[in-house]
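Summary of the model geometry
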Amino acid sequence: MAGTIHQQPPLTGIRVLEFAGLAPGPFAGLLLADYGATVLRLDRAPSTPTSDQLTRHKTSICVNLKSASGLALIKKIIPTVDVVIDPFRPGVLEKAGLSPEDVLLKLNPRLIVARMTGFRRDGKYANMAGHDINYIAVSGVLSLFGRKGEKPYPPGNLVGDFAGGGAMCFLGILLALLARERNGRGQVVEANMVDGSSVLATMPRLGLKTDVWRRERGTNMLDGGAPFYDTYETSDGGYMAVGAIEPQFFAALLKGLSLTPADLPGDRDNRADWPALKSFFTTVFKRKTRAQWEAIFDGTDACCTPVFTHAELEAQGFDQRPAVTLKATPGYAIAEEAEGDGGERPAAVGQGIGVNGGGWSSEGLRPGEGGEETLGAWLGWKKGRQYTEEKGGLVWKDSANL
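What you are looking at is a predicted structure, and each value in this text was computed from that prediction instead of being measured.

1. Some thoughts on the side chain of Gln-351
Its place among the elements puts Gln-351 in the loop between helix H12 (310-316) and helix H13 (371-379). Under the relative-accessibility criterion, Gln-351 is labelled buried at 4%. Here the side chain of Gln-351 touches Pro-330 through a polar contact of 2.9 Å, landing on its backbone oxygen.

2. So, the pairing of strand S11 (residues 393-396)
Residues Gly-393 and Val-395 line one face of S11 and the alternating positions Leu-394 and Trp-396 line the opposite face, and both faces are buried. Examined bridge by bridge, strand S10 (residues 387-390) and S11 share four bridges and lie antiparallel to one another. Of the residues in S11, the one forming a bridge with Tyr-387 is Trp-396. As consecutive antiparallel partners, S10 and S11 are separated by two residues, and within that stretch Lys-391 has a phi angle of approximately 50°, a positive value.

3. So, the pattern of salt bridges
A complete count under the given rule lists 20 salt bridges for this structure. The shortest N-O distance in the salt bridge between Asp-211 and Arg-214 comes to 3.1 Å. With its nearest N and O atoms 2.8 Å apart, the salt bridge here joins Asp-211 to Arg-215. Exposure remark for Asp-211: the relative accessible area of 41% places this residue in the partly exposed category. What emerges from the salt-bridge pattern is a single network uniting Asp-86, Glu-94, Arg-115 and Arg-121.

4. Thoughts on the sheet that holds strand S7 (residues 229-233)
One open sheet accounts for three strands, arranged S7-S8-S9; its pairing is antiparallel. Lying at the two open borders of the sheet, with one neighbouring strand each, are S7 and strand S9 (304-306). Looking at each pair of strands side by side, their axes are set apart by 25° on average, direction ignored. Both S7 and strand S8 (residues 239-243) contribute to a ladder of five bridges, which runs antiparallel. By the bridge assignment, Tyr-232 is partnered in S8 with Met-240. Contacts from helix H10 (residues 274-285) reach S7, S8 and S9 within the one sheet, and its direction differs from that of S7 by about 40°. The strands that helix H11 (residues 290-297) touches are S8 and S9; relative to S8, the one it contacts most, it runs at about 35°.

5. Concerning the environment of Leu-22
For Leu-22, the position within the fold is in the loop between strand S1 (15-19) and helix H1 (24-34). As for Leu-22 and Ser-51, which are separated by 29 residues in sequence, their C-alpha atoms are 8.9 Å apart.

6. Notes on the packing of H1 against helix H6 (residues 158-183)
Axis separation between H1 and H6 bottoms out at 8 Å; the angle between their running directions is 50°. Taken as axis vectors, H1 and H6 run oblique relative to one another. Crossing hand, H1 versus H6: right-handed. Between H1 and H6, the residues in contact are Pro-24, Phe-27, Ala-28, Leu-31 and Leu-32 and Asp-161, Phe-162, Gly-166, Ala-167, Cys-169, Phe-170 and Ile-173, respectively. Residues that form the contact of H1 with H6 fall into these classes: 10 nonpolar, one polar and one charged.

Rules and cut-offs
- Residues numbered from 1 in each chain as written.
- Predicted model: local features only at pLDDT ≥ 70, side-chain atom pairs only at ≥ 80, totals over all residues.
- Heavy atoms only, no water.
- Helix = DSSP H or I, 4+ residues; strand = E, 2+ residues; numbered from the N terminus.
- Buried < 20%, exposed > 50% of the residue type's maximum accessible area, 1.4 Å probe, protein only.
- Polar contact = N/O pair within 3.5 Å; in protein donor to acceptor, adjacent residues only side chain to side chain.
- Pairing = 2+ DSSP bridges.
- Salt bridge = Lys/Arg side-chain N within 4 Å of Asp/Glu carboxyl O.
- Axes fitted to C-alpha atoms, helices over the stretch in contact; angles between N-to-C directions.
- Contact = heavy atoms within 4.5 Å.
- Parallel < 35°, antiparallel > 145°, perpendicular 65-115°, else oblique.
- Left-handed = near helix turned anticlockwise from the far one by under 90°.
- Nonpolar A, V, L, I, M, F, W, Y, C, P; charged D, E, K, R; others polar.

In short, shape yes, function no, at least from these values alone.
Below, the structure written as structure tokens:
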């Protein structure tokens with residue numbers, strides 16, 4: 001690439017066939033694509049509009065899984081790819097005639113089949129429908145979220161779908177790729193949101209047996225109980241986030257608030273005083289606007305920052321970046337901006353000029369968009385020779401001239 005000395009992203013050359021699904025599977029595919037993998041989404045035919053926006057750097061083809069010639073096309077692709085992402089409920093691939101162990105791995109022993117489910121495949125809920133709230137509920141994680149005396153409060157679908165699901169599935173794929181480098185063999189990767197979210201909650205779960213997290217929900221240090229670890233409304237309706245746990249940070253917080261320990265209605269180390277301190281800080285923070293508090297605390301060790309909305313960040317031009325920075329082999333850029341004037345681009349920003357929307361919006365990926373070009377690049381196939389189209393889906397031609 002002009003103007004950079006970076007090597008290619010680390011997953012360059014890895015081919016991924018992603019069966020279209022809901023958020024967790026596409027998110028795993030998006031992370032793979034961000035770091036250089038070529039991801040081809042397999043949409044069902046006849047195609048219908050999809051709400052999937054997790055489509056950066058991906059292309060799509062449409063195939064009818066119930067068509068023998070459609071399945072034949074998929075089986076012809078399988079020997080040439082590295083990863084298959086299965087986002088379906090247990091048994092769907094098997095019913096379609098694409099069992100990972102009995103079919104896919106026999107077609108390609110180096111294949112990694114990443115299977116993403118909500119509930120455990122071997123658990124009591126395996127055959128039930130569910131969503132993020134259900135998966136984190138049975139994992140015990142949902143019970144941790146919420147204020148004192150209130151019902152458990154679901155934190156969007158971040159913990160189950162994305163962190164415990166898609167990101168953990170991505171991790172499993174990377175581990176399987178690493179294992180394949182050593183033994184030359186692919187394998188099935190089984191990820192589920194119950195186990196994934198449970199692992200994410202390792203610290204609070206262990207803390208339940210200690211003084212860290214053993215009390216009622218919403219009364220512990222990190223779940224909204226502590227006056228020095230909470231959010232406070234400002235005079236203009238904004239919010240400041242306070243995380244002044246350590247004594248030296250708490251002292252910096254008091255300094256920014258123009259307070260001394262003698263001004264406080266209690267002792268921060270006495271849990272019985274926490275409600276009075278929270279009420280006191282609530283009154284103090286409402287004396288100034290968020291911008292005024294931001295000006296006071298920026299550059300300090302008070303662990304006090306503004307709570308920005310995504311709309312504000314977008315308006316400020318805050319750039320979205322790849323999840324981690326690899327200095328020598330950075331992933332692809334997310335923020336939409338020019339390549340530069342010939343100088344090296346910071347690895348944290350990523351390679352390339354980014355995508356439309358710069359990480360703040362996505363037009364999605366139309367079923368069938370760009371996928372035939374991907375088949376051409378991967379395999380040299382052309383429509384009318386190796387495959388054709390029937391009822392909106394691509395099918396294999398028995399008389400293909402290979």
